[in-house]
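Summary of structural features
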Amino acid sequence: CLMECTTNAHITVTRMRFTLMPIRNGRISNMSSNEKMFETIAEICHIVNKAYCDAIGDLSQQNWNDAPDWQKESAINGVKFHMENDVTPEQSHESWMREKLDNGWVYGDEKNADKKEHPCMVIYNDLPEEQRMKDKLFKAVVDSFKEQLA
């Protein structure tokens, strides 16, 4: 069956297999099928993360379509890392932090994209539990697709 999602993607479900195709300007994107899949899973991860943040009172997260490109790229890179490796939430955070460091981000008491400061630029065990939960949710979402695509 074919259904349209609120994430601007089409999802084809056949025998519990998912084919994910991002839509750009009303048309299926020209990206490779893996790139499309990674971007769509990243968008779903972002939606889950935003819902979780909203639930804990953090209203700072934008919708995927309004999110800055660096944030989307970070989510896509996280999906690629998870899809290509078996990782723990700790390893997921380390990968996220390594990417941030490589792009000039540093620790800051509050997230400030203009200054490239982020309060989660600490080792995983030093994160508050509500922040560690984001890594667990990200892993759970990506792993659910890995299982379906295996």
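Residues numbered from 1 in each chain as written. Predicted model: local features only at pLDDT ≥ 70, side-chain atom pairs only at ≥ 80, totals over all residues. Heavy atoms only, no water.

1. Quick word on the layout of surface pockets
Under the convention used in this document: Throughout, the protein atoms alone are placed on a 1 Å grid, and a set of points is a cavity if a 1.4 Å probe fits but cannot get out or a pocket if it is open with protein on both sides within 12 Å along at least five of seven lines; lining residues have an atom within 4 Å of a point. Grid points are joined across faces, edges and corners, and a volume is the space filled by probe spheres set on the points. Secondary structure follows DSSP: runs of H or I at least 4 residues long count as helices, runs of E at least 2 residues long count as strands, and numbering of each begins at the N terminus. All amino acids are sorted into three groups, where Ala, Val, Leu, Ile, Met, Phe, Trp, Tyr, Cys and Pro are nonpolar, Asp, Glu, Lys and Arg are charged, and the leftover types, Gly among them, are polar.
Here the largest pocket defines a volume of roughly 830 Å³. For the largest pocket, the lining is made up of 34 residues, of which Asn49, Trp96, His118, Gln131 and Lys134 are closest to its centre. Where the lining of the largest pocket is concerned, the elements lending two or more residues are helix H1 (33–55), helix H2 (69–84), helix H3 (89–102) and helix H4 (129–149). Considering every element that reaches the lining of the largest pocket, the biggest residue donor is H2, with seven residues. When grouped by side-chain class, the residues that make up the lining of the largest pocket number 15 nonpolar, 13 polar and six charged.

2. Quick notes on the packing of aromatic side chains
The test is simple: In this scheme Phe, Tyr and Trp rings, the latter by its six-membered ring, pair at centre separations within 6.5 Å, and the angle between planes marks the pair as stacked below 30 degrees, edge-to-face above 60, and tilted otherwise. Two conditions define a charge located above a ring, namely a distance within 6 Å from the ring centre to NZ of Lys or CZ of Arg, and an angle within 35 degrees of the ring normal.
Applying the stated criterion across every chain, the model contains one aromatic pair. The ring of Trp105 is capped by Lys100, whose NZ or CZ atom sits 5.0 Å from the centre of that ring.

3. Focus on unusual backbone geometry
Of note, the phi angle at Lys116 is positive, near 55°, even though the residue is not glycine. Tracing the chain through its elements places Lys116 in the loop between strand E5 (106–107) and strand E6 (117–118).

4. A few points about H3
Applied cut-off: A helix is expected to reach a length of 1.5 Å times the quantity of its residues less one. By definition, residues are in contact when any of their heavy atoms lie within 4.5 Å.
Counted at 1.5 Å a residue, the expected span for H3 with its 14 residues is 20 Å, and the 20 Å between its end C-alpha atoms agrees. Residues of H3 that are buried make contact with H2 and H4. The positive-phi residue at the C-terminal boundary of H3 is Gly104, with phi of around 90°.

As far as function goes, none of this settles anything; it's purely spatial.
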